[in-house]
Amino acid sequence: MAEEYPHYIEFRHVYKTFDKPVLVDSNFYVDPGKTVAIIGRSGVGKSVSLGHIMGFLKPDQGRVIVAHEDITDLSEAEMNRVRRKVTMVFQSGALFDSLTVAENILFSLELREDFDEKNKEDIVAGLLQMVGIPDSADAYPADLPTGFRRAVAIARALAAEPQCILYDEPTTMVDPIMSDHLTELMLRLKKEMNLTSVVVTHDLDLLHRVADSVVFLSKGKIAFFGPPGDLYKSNDPDVQDFLELDKVIRGTGMAENDPFRKGLGGVASEG
Ligand SMILES: Nc1ncnc2c1ncn2[C@@H]1O[C@H](COP(=O)(O)OP(=O)(O)O)[C@@H](O)[C@H]1O
Ligand SMILES: [Mg+2]
């Protein structure tokens, strides 16, 4: 299988229309162990792209390859097999509010075929340690800040021992310290566990630290696909608008050697 589809994830000429075209000839790939960031304005089809990778959505045309397999025509039962390898961390965290943090993670652990009941407390503690919230086992998700809930969602995803994690806006609505922590965590999972990942984000700091490649979506099209450093060389007006808007949002608190500043080449003056 891996010979036929060398990329871990691949979109081949994917089209998807709802009331208007959302994905139009979408082509990109993610290699094993690599991280691809999907960026672009609200409503351009970032979450829809993740939905296709999970098989929650099917393309109108084109092929979707996931875990070195063409999943386009797989049944729901067959998709569940693929979803043991590829898991998603939803923006909401999608945790059970009536269960504690530990119980939320156990829920995912128990789905694992090799799960050993005896070790469950150790495994939960280890996962919480790994995501940096060792003291939250007995808390209820609703009582935790957003960033902690995202960390729990990541711990729960890891409990399934996936090959690949999809993150939908992991640092949105999170304070800067927690955002930094989540970014470091994603980087660690990539380096230490060789996890393949796709991250939908508006966070250019996360993008520069974690992503090997960037997909920029605008008006249904992929306006850019390549290494993050090359984004600043793109002539696409939508890419340039996006980068400029980010500069305004981030204000002037950037380092002298920030690639962002270099990329703009002094187009806008500092306020
Ligand atoms: N299940 C669906 N049914 C109908 N329209 C949808 C569905 N999911 C997404 N859309 C539409 O597709 C477009 C892209 O949505 P989405 O991928 O969620 O945007 P974003 O890039 O902000 O994540 C939006 O116009 C949205 O309304
Ligand atoms: Mg979205």
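Before reading on, note that the structure itself is shown above.
Below is a short write-up of the structure. Computed from a predicted structure; not experimentally measured.

## A short note on the sheet that holds strand β8 (residues 196-200)
Then comes step 1: Strand order in the open sheet formed by six strands is β6-β7-β8-β3-β9-β10, and the pairing between neighbours is mixed. The open sheet has two edge strands, β6 (86-89) and β10 (221-226), and neither has a second partner. Pairwise comparison of adjacent strand axes, ignoring direction, gives a mean angle of 15° for this sheet.
Then comes step 2: Note: strand β3 (residues 35-39) against β8, four bridges, orientation parallel. Pairing of Ala37 across the sheet is with Val199, part of β8.
Then comes step 3: Contacting β6 and β7 (164-168), helix α5 (residues 146-159) runs over the sheet at an angle of about 170° to β6.

## Quick notes on the site of ligand 1
Then comes step 1: Taken together, Phe18, Lys20, Val22, Arg41, Ser42, Gly43, Val44, Gly45, Lys46, Ser47 and Val48 are the residues near ligand 1.
Then comes step 2: Backbone polar atom of Val44 to an oxygen atom of ligand 1: 3.2 Å apart, as the coordinates give it.
Then comes step 3: Within the backbone of Ser47, one N or O atom sits 2.9 Å away from an oxygen atom of ligand 1.
Then comes step 4: Protein contacts shield 60% of the accessible area of ligand 1, which totals 560 Å² for the unbound molecule.
Then comes step 5: Residue contributions to the shell around ligand 1 peak at three residues, all from helix α1 (residues 46-54).
Then comes step 6: Residues belonging to the shell around ligand 1 are distributed by class as follows: four nonpolar, four polar and three charged.

## Observations concerning the nonpolar core
Then comes step 1: Grouped together as the largest cluster of nonpolar side chains are 48 residues, with contacts concentrated most on Ile105, Val131, Ile154, Leu158, Tyr167 and Leu231.
Then comes step 2: With eight residues, the top contributor of residues to this core is α5.
Then comes step 3: Of all hydrophobic cores here, the second largest spans 30 residues; its members include Leu23, Val36, Val82 and Val200.

## Here we look at the pattern of salt bridges
Then comes step 1: Scanning the entire structure with this criterion turns up 12 salt bridges.
Then comes step 2: When the shortest N-O distance is used, the salt bridge between Lys190 and Asp212 registers 3.0 Å. Of this pair, Lys190 sits in helix α6 (residues 176-193) while Asp212 sits in the loop between α7 (204-210) and β9 (213-218); the two residues are 22 residues apart in sequence, bridging distant segments of the chain.
Then comes step 3: What makes Asp212 partly exposed here is its relative accessible area of 28%.
Then comes step 4: Among the salt bridges present, the one from Arg209 reaches Asp205, with a minimum N-O distance of 2.8 Å. In this pair, Arg209 and Asp205 both sit in helix α7, four residues apart, roughly one turn of the helix.
Then comes step 5: Residues joined by salt bridges that share partners form a network here, namely Asp180, Glu184, Asp205 and Arg209.

Thresholds applied
- Residues numbered from 1 in each chain as written.
- Chains lettered and ligands numbered in written order.
- Predicted model: local features only at pLDDT ≥ 70, side-chain atom pairs only at ≥ 80, totals over all residues.
- Heavy atoms only, no water.
- Pairing = 2+ DSSP bridges.
- Helix = DSSP H or I, 4+ residues; strand = E, 2+ residues; numbered from the N terminus.
- Axes fitted to C-alpha atoms, helices over the stretch in contact; angles between N-to-C directions.
- Contact = heavy atoms within 4.5 Å.
- Near = heavy atom within 4 Å.
- Polar contact = N/O pair within 3.5 Å; in protein donor to acceptor, adjacent residues only side chain to side chain.
- Areas by Shrake-Rupley, 256 points an atom, 1.4 Å probe, with all protein chains shown as cover.
- Nonpolar A, V, L, I, M, F, W, Y, C, P; charged D, E, K, R; others polar.
- Core = buried A, V, L, I, M, F, W, Y, C linked by side-chain atoms within 4.5 Å.
- Buried < 20%, exposed > 50% of the residue type's maximum accessible area, 1.4 Å probe, protein only.
- Salt bridge = Lys/Arg side-chain N within 4 Å of Asp/Glu carboxyl O.

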